[in-house]
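For reference, the chains in residue letters:
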Amino acid sequence: MKLGFSPADEAFRAECAAWLQAEMTGEFADIRGIPNLCDAIPRRKEWEQRLGEAGWGCIGWPRKWGGRDATIAQQVIFAEEYARAGAPNRINHIGVELAGPTILAFGSEEQKARYLPEIAAGRQIWCQGYSEPNAGSDLANVKTKARLEGGEWVVNGQKVWTSLAHYSDMIFVVARSEEGSAGPKGLSFLLMDMDQPGIEVRPIRQINGEAEFNETFLTDARCAADAMLGAAGEGWKVAMALLAFERGVSTLGQQMQFRNELDAVIDAARANGKAADPVIRQKIARAEIGLRLMRYGALRMLSGTDLAAIDGAALTYKIQWATWRRNLGELGMEVLGQAGEVASGDHYSWPTLPNLFLFSRSDTIYGGTNQIQRNLIAERGLGLPREPRGQA
Amino acid sequence: MEFAFTDEQAMIAETVRGFFAENATSERTRKAMAADGIDRELWSSFANELGLAGIGLPEEHGGAGLGMVEMALVAEAAGAQVAALPLLGHVMIGQAIARGGSEAQKAEWLPRLAAGELIATAAWAPKLSVADGRISGTFPFLPHGASADLLLVHSGSEAWIVDLKGAGVSVQAHVTMDQTRPFATATLDGAQGEQLADGDAAIAGALAAGWICLAAEALGGAQATLDRTVAYSKERVQFGRQIGSFQAYKHRLADMMIEIEQARSAVYWAACAVDEGSDEAQVALHSAKAFCADTYFMCAGNMIQLHGGIGFTWEHDAHLFFKRARSIQTLLGDGQWHREQVASAVLGAAA
Ligand SMILES: Cc1cc2nc3c(=O)[nH]c(=O)nc-3n(C[C@H](O)[C@H](O)[C@H](O)COP(=O)(O)OP(=O)(O)OC[C@H]3O[C@@H](n4cnc5c(N)ncnc54)[C@H](O)[C@@H]3O)c2cc1C
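Residues numbered from 1 in each chain as written. Chains lettered and ligands numbered in written order. Predicted model: local features only at pLDDT ≥ 70, side-chain atom pairs only at ≥ 80, totals over all residues. Heavy atoms only, no water.

Overview of the overall build of chain B
Logical step 1: Summing up its helical and strand segments, chain B has eleven helices and nine strands in all.
Logical step 2: What you see for chain B is a C-alpha radius of gyration of 20 Å, in line with the 20 Å of a compact globule of 351 residues.
Logical step 3: Principal-axis analysis of the C-alpha atoms places the extent of chain B at approximately 75 × 45 × 45 Å.
Logical step 4: Counting over 351 residues, chain B shows a buried share of 60%.
Logical step 5: Here the contacts in chain B between residues at least 6 apart in sequence split such that 73% fall between residues at least 24 apart.
Logical step 6: As displayed, chain B offers around 13300 Å² of accessible surface, 52% of which is attributable to carbon and sulfur atoms. (Helix = DSSP H or I, 4+ residues; strand = E, 2+ residues; numbered from the N terminus. Rg over C-alpha atoms; globule rule 2.2 N^0.38 Å. Buried < 20%, exposed > 50% of the residue type's maximum accessible area, 1.4 Å probe, protein only. Contact = heavy atoms within 4.5 Å. Areas by Shrake-Rupley, 256 points an atom, 1.4 Å probe, with all protein chains shown as cover.)

Now the structure itself:
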């Protein structure tokens with residue numbers, strides 16, 4: 001058992017750190033450290049493409065599809081250096097971390113050739129069409145319908161909370177493709193172009209004033225018959241595999257961003273004298289300890305060869321980081337005091353800590369709420385009896 | 001990245017888990033509780049058959065070699081059974097001598113410690129006075145103090161070992177809530193102390209070993225409370241259902257698992273950091289001690305609640321875990337103190 005990375009990995013760290021530092025202090029200095037998800041979208045699209053050109057877009061993918069065949073250690077290192085450099089949130093997180101790995105796992109060679117190089121090049125932004133007004137935690141309750149007509153799927157229904165749909169080129173949609181089916185049966189996983197008359201996107205304003213997510217209406221929206229991952233009617237399997245990517249390895253890169261956020265709280269406490277308050281000191285220590293334990297939990301998970309153990313650690317990881325960050329949001333406000341409740345200009349727009357406070361209320365909701373996570377941990381991790389389910 | 005057990009470490013873990021599960025039974029622990037809190041037969045086979053008393057002690061002095069990771073594996077397994085063993089003082093004095101003793105001191109003491117011949121205890125943050133190597137002071141809350149042969153005390157950057165059976169020493173045994181690790185008060189009145197050659201190294205070694213030992217015991221204990229409660233939740237039926245199928249019940253078990261997974265990272269992070277001499281070692285040790293102790297207490301409290309009435313009885317083992325958890329919280333610095341050390345590392349010293 002060892003803590004650190006190998007010399008070869010550290011050399012890799014130096015290489016990516018140098019490149020990222022150069023970009024973030026040079027051409028892309030204007031988007032360094034921006035806190036809000038929807039700020040400077042055109043510039044961040046350019047940044048995605050710059051990452052792609054330089055081969056840093058999707059380093060864990062095979063070279064053949066625009067990746068670098070990077071090891072997990074290298075992916076962790078890149079994610080750490082990415083955040084350390086203050087590089088902005090990946091606007092194509094869903095394409096890179098969710099759609100891409102799912103296409104790699106379930107796609108035909110032809111589908112891989114069609115989508116993966118575009119994602120790797122930063123030219124194709126994706127969004128996730130899972131949730132519906134009546135299918136949130138109970139995702140298997142989706143009502144959006146897909147039927148084959150000629151050589152195409154025709155899709156009707158409504159998705160909701162679709163993050164970044166208004167900036168996306170592609171959406172993956174979970175839709176009911178078998179008439180009369182219910183629950184996880186009879187669903188298909190479709191890959192659809194956003195730029196078509198059958199798809200209408202309406203941004204929804206959020207708690208922090210931003211509009212990152214949307215309602216997505218599908219009215220005779222279309223995609224080719226073969227624009228589907230997995231077999232018709234077996235989309236649930238694909239959808240669940242994707243959620244494992246969402247809840248597992250892809251969240252690791254967040255840790256250095258969390259480090260930055262905790263450092264912002266520490267800086268604020270130093271600046272206004274709260275760093276001397278023993279209660280605040282205890283809370284900052286708890287946050288520091290929680291962050292370190294997340295890091296070593298992740299390293300444990302990624303170093304492990306025992307897949308069952310990895311699943312166990314991964315199961316608890318989502319609720320752990322989400323709860324940690326929500327608490328950090330509250331701590332940031334406690335440190336700022338009332339000053340945190342006043343914006344600096346005349347817009348309802350928030351700097352890092354107040355924005356963290358507001359935004360982090362969603363961390364314990366998306367990607368499976370804390371309650372759903374506890375059910376998963378209890379049922380899959382501890383083997384307890386399943387929740388009784390009613391007839392909807 | 002190799003933050004996973006080596007094959008050898010996995011084997012040690014399996015061996016010690018099996019050993020304690022088979023031998024440190026509730027029955028034997030309770031027998032020891034009724035006496036001085038030490039299961040001597042267990043201690044003897046632990047030291048002599050398994051050679052585990054020498055873990056973390058150098059091979060040239062009769063130890064088993066290996067480091068804090070392996071020591072943590074042992075303490076975790078012992079903690080899972082709330083074993084009645086004088087492990088805490090043993091690892092503290094062993095590391096104090098191994099790291100801060102002269103060659104002669106190592107040659108004299110370590111083989112005897114590795115053989116389990118001596119029972120040791122250590123004083124936390126003691127107040128003492130020394131004149132010509134003769135030590136005076138009162139040392140309360142010594143774990144297994146009434147049965148111990150040797151006492152480790154320190155002051156500033158000096159450390160001594162004291163023969164508790166020697167002249168100028170009186171020891172008062174206490175009735176302690178956790179009867180698997182009863183406390184005693186030693187009063188030294190000009191007792192002869194043997195000063196360790198490098199006090200700073202001895203103190204650092206003793207504290208690191210003590211904190212890891214407690215954190216690892218807490219981890220093992222917490223996991224055991226979860227495992228036992230999960231098993232009970234599948235047996236016990238109320239309202240026509242297994243109680244483990246009720247969401248309010250299973251969410252508490254899930255919360256235990258979430259904390260335990262972090263506690264596991266904490267113990268092995270701290271142990272590795274000490275073994276590697278990492279810059280992070282101090283923060284890791286304080287984090288592990290504070291976090292694991294709190295986790296254990298939360299889990300042991302839940303164990304009682306989730307067992308209902310039976311969990312409140314003397315007959316059931318839940319109280320052994322609960323009392324051990326409570327005592328781990330306060331031994332060698334409470335959670336607030338450890339978190340303040342982390343805060344100092346992050347924010348600078350308190351104003
Ligand atoms: C910022 C943000 C971004 C999002 N982005 C996307 C996206 O890009 N694409 C997408 O498809 N979706 C997205 N979502 C949706 C998200 O996945 C859902 O909000 C989430 O799954 C919860 O579903 P719901 O909102 O319908 O809540 P509900 O399922 O209605 O839950 C309401 C409450 O009931 C509780 N509850 C529900 N079931 C149970 C149960 N069995 N046991 C105990 N408690 C229960 C929940 O925990 C919650 O507290 C996003 C959400 C947010 C907040």
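Observations regarding the environment of E10 of chain A
Logical step 1: With respect to the element layout, E10 of chain A can be found in helix α1 (residues 7-25).
Logical step 2: As for E10 of chain A and Q74 of chain A, which are separated by 64 residues in sequence, their C-alpha atoms are 9.0 Å apart.

Digging into the interface of chain A and chain B
Logical step 1: Facing the 48 residues of chain A at the interface are 53 residues of chain B.
Logical step 2: Of the roughly 4500 Å² buried between chain A and chain B, counting both surfaces, carbon and sulfur atoms make up 64%.
Logical step 3: Three residues stand out in chain A for area buried against chain B, namely M1, R281 and R300 of chain A, and they jointly supply 19% of the buried area on that side.
Logical step 4: On inspection of chain A and its partner chain B, the count reaches seven salt bridges.
Logical step 5: R286 of chain A is the partner of D294 of chain B in a salt bridge, and the nearest nitrogen-oxygen pair spans 4.0 Å.
Logical step 6: Joining chain A to chain B, the criterion identifies 22 residue pairs in polar contact (both at pLDDT 80 or more).
Logical step 7: Broken down by element, the residue count for the side of chain A that touches chain B peaks at 15 residues, all from helix α8 (residues 278-303) of chain A.
Logical step 8: Grouping the constituent residues of the side of chain A that touches chain B by class yields 24 nonpolar, twelve polar and twelve charged. (Buried area = accessible area lost by both parts, 1.4 Å probe. Salt bridge = Lys/Arg side-chain N within 4 Å of Asp/Glu carboxyl O. Polar contact = N/O pair within 3.5 Å; in protein donor to acceptor, adjacent residues only side chain to side chain. Nonpolar A, V, L, I, M, F, W, Y, C, P; charged D, E, K, R; others polar.)

A short note on the pattern of salt bridges
Logical step 1: Following the criterion strictly, the structure yields 47 salt bridges over all chains and no others.
Logical step 2: Note that R374 of chain A is salt-bridged to D255 of chain B, the shortest N-O span being 2.7 Å. Placement of R374 of chain A in helix α11 (residues 370-381) and of D255 of chain B in helix α8 (residues 247-275) is noted, with the two residues assigned to different chains.
Logical step 3: Take D255 of chain B: its relative accessible area is 24%, and that puts it in the partly exposed class.
Logical step 4: Three or more residues are tied together by salt bridges with common partners; here these are E10, R13, E80, E81, R84 and R295 of chain A.

Comments concerning α1 of chain A
Each α-helix turn comprises 3.6 residues. Residues three or four places apart therefore point the same way.
Logical step 1: In this model, α1 of chain A (19 residues) spans 27 Å end to end at C-alpha, consistent with the 27 Å of a helix rising 1.5 Å per residue.
Logical step 2: Residues of α1 of chain A that are buried sit in contact with α2 (41-53) and α3 (72-84) of chain A. (Expected span 1.5 Å × (residues − 1).)

A look at the packing of aromatic side chains
All names here are of chain A.
Logical step 1: One pass over the full model with this rule turns up 29 aromatic pairs over all chains.
Logical step 2: Summarising the aromatic geometry, the rings of F258 and W321 are spaced 5.9 Å apart at their centres and angled 35° between planes, so their arrangement reads as tilted. Placement of F258 in helix α7 (residues 254-272) and of W321 in helix α9 (residues 307-336) is noted, with a sequence separation of 63 residues between them.
Logical step 3: On the accessibility criterion, F258 (1% relative accessible area) is buried.
Logical step 4: Judged by its relative accessible area of 2%, W321 falls in the buried class.
Logical step 5: In this structure, R13 is placed above the aromatic ring of F5, and the distance from its NZ or CZ to the ring centre is 5.4 Å.
Logical step 6: Lying across the ring of Y296, R295 places its NZ or CZ 5.7 Å from the centre. (Phe/Tyr/Trp six-rings, centres within 6.5 Å; stacked < 30°, edge-to-face > 60°. Lys NZ or Arg CZ within 6 Å of the ring centre and 35° of its normal.)

A closer look at the site of the ligand
Logical step 1: Near the ligand lie 18 residues; those nearest to it are Q128, S131, S137, W161 and T369 of chain A.
Logical step 2: The site occupied by the ligand is bordered by residues of chains A and B.
Logical step 3: Between W161 of chain A and the ligand, the recorded distance is 2.9 Å, taken from a backbone N or O atom to a nitrogen atom.
Logical step 4: For the ligand, the accessible surface in isolation is 960 Å², of which the surrounding protein chains cover 68%.
Logical step 5: Here the shell around the ligand gets three residues from one element, more than from any other, and that element is α11 of chain A.
Logical step 6: Looking at the shell around the ligand residue by residue, the class counts come to six nonpolar, twelve polar and no charged. (Near = heavy atom within 4 Å.)

A closer look at the nonpolar core
Logical step 1: Judged by nonpolar contacts, the single largest core of 186 residues is most densely connected at W47 of chain A together with F20 and F46 of chain B.
Logical step 2: Excluding residues within four positions of it along the chain, F46 of chain B makes contact with F19, F20, G51, L52, A53, V74, L85 and L87 of chain B. (Core = buried A, V, L, I, M, F, W, Y, C linked by side-chain atoms within 4.5 Å.)

Details of the side chain of E23 of chain A
Residue and element names in this part refer to chain A.
Logical step 1: Structurally, the position occupied by E23 is in helix α1.
Logical step 2: The buried category is assigned to E23, whose relative accessible area is 8%.
Logical step 3: Apart from residues no more than four positions distant in its own chain, E23 is found in contact with F28, A29, W47 and R50.

Observations regarding unusual backbone geometry
All names here are of chain B.
Logical step 1: If you check the backbone angles, H144 has positive phi at about 55° while not being a glycine.
Logical step 2: On the accessibility criterion, H144 (2% relative accessible area) is buried.
Logical step 3: Unlike most non-glycine residues, L332 shows phi in positive territory, near 55°.
Logical step 4: With respect to the secondary-structure elements, L332 resides in the loop between α10 (318-330) and α11 (335-347).

Points about the packing of helix α4 (residues 93-106) of chain A against helix α5 (residues 109-120) of chain A
All names here are of chain A.
Logical step 1: Close contact between α4 and α5 brings their axes to 10 Å; oriented N to C, the two are set at 160°. If you check the angle between α4 and α5, you find them roughly antiparallel. Pair α4 / α5 crosses with left-handed handedness. Counted together, G95, V96, G100, I103, L104 and F106 of α4 and Q111, K112, Y115, L116 and I119 of α5 form the full contact between these two elements.
Logical step 2: Looking at side-chain class alone, the contact of α4 with α5 contains seven nonpolar, three polar and one charged residues. (Axes fitted to C-alpha atoms, helices over the stretch in contact; angles between N-to-C directions. Parallel < 35°, antiparallel > 145°, perpendicular 65-115°, else oblique. Left-handed = near helix turned anticlockwise from the far one by under 90°.)

A word on the pairing of strand β7 (residues 183-195) of chain B
Residue and element names in this part refer to chain B.
Logical step 1: The pairing of strand β3 (residues 134-143) with β7 spans eight bridges and is classified as antiparallel. In the strand pairing of β7, I135 is matched with A191.
Logical step 2: Where strand β5 (residues 158-163) and β7 come together, three bridges link them in antiparallel fashion. Its bridge partner lying in β7, I161 is registered against E194.
Logical step 3: In this sheet, β7 lies alongside strand β6 (residues 169-173) in antiparallel orientation, the contact comprising five bridges. Paired with V169 across the bridge in β7 is L188. (Pairing = 2+ DSSP bridges.)

What to know about α8 of chain A
Logical step 1: Compared with the 38 Å implied by 1.5 Å per residue over 26 residues, the 37 Å span of α8 of chain A between its first and last C-alpha is a close match.
Logical step 2: Here α8 of chain A starts with a cap whose side-chain oxygen sits 2.7 Å from the backbone nitrogen of V279 of chain A, and that cap is D277 of chain A.

Focus on the pairing of β3 of chain B
Residue and element names in this part refer to chain B.
Logical step 1: Across three bridges, the pairing between strand β2 (residues 129-131) and β3 is antiparallel. Of the residues in β3, the one forming a bridge with S129 is S136.
Logical step 2: Two successive antiparallel strands, β2 and β3, enclose a turn made up of two residues, where D132 displays a positive phi of approximately 50°.

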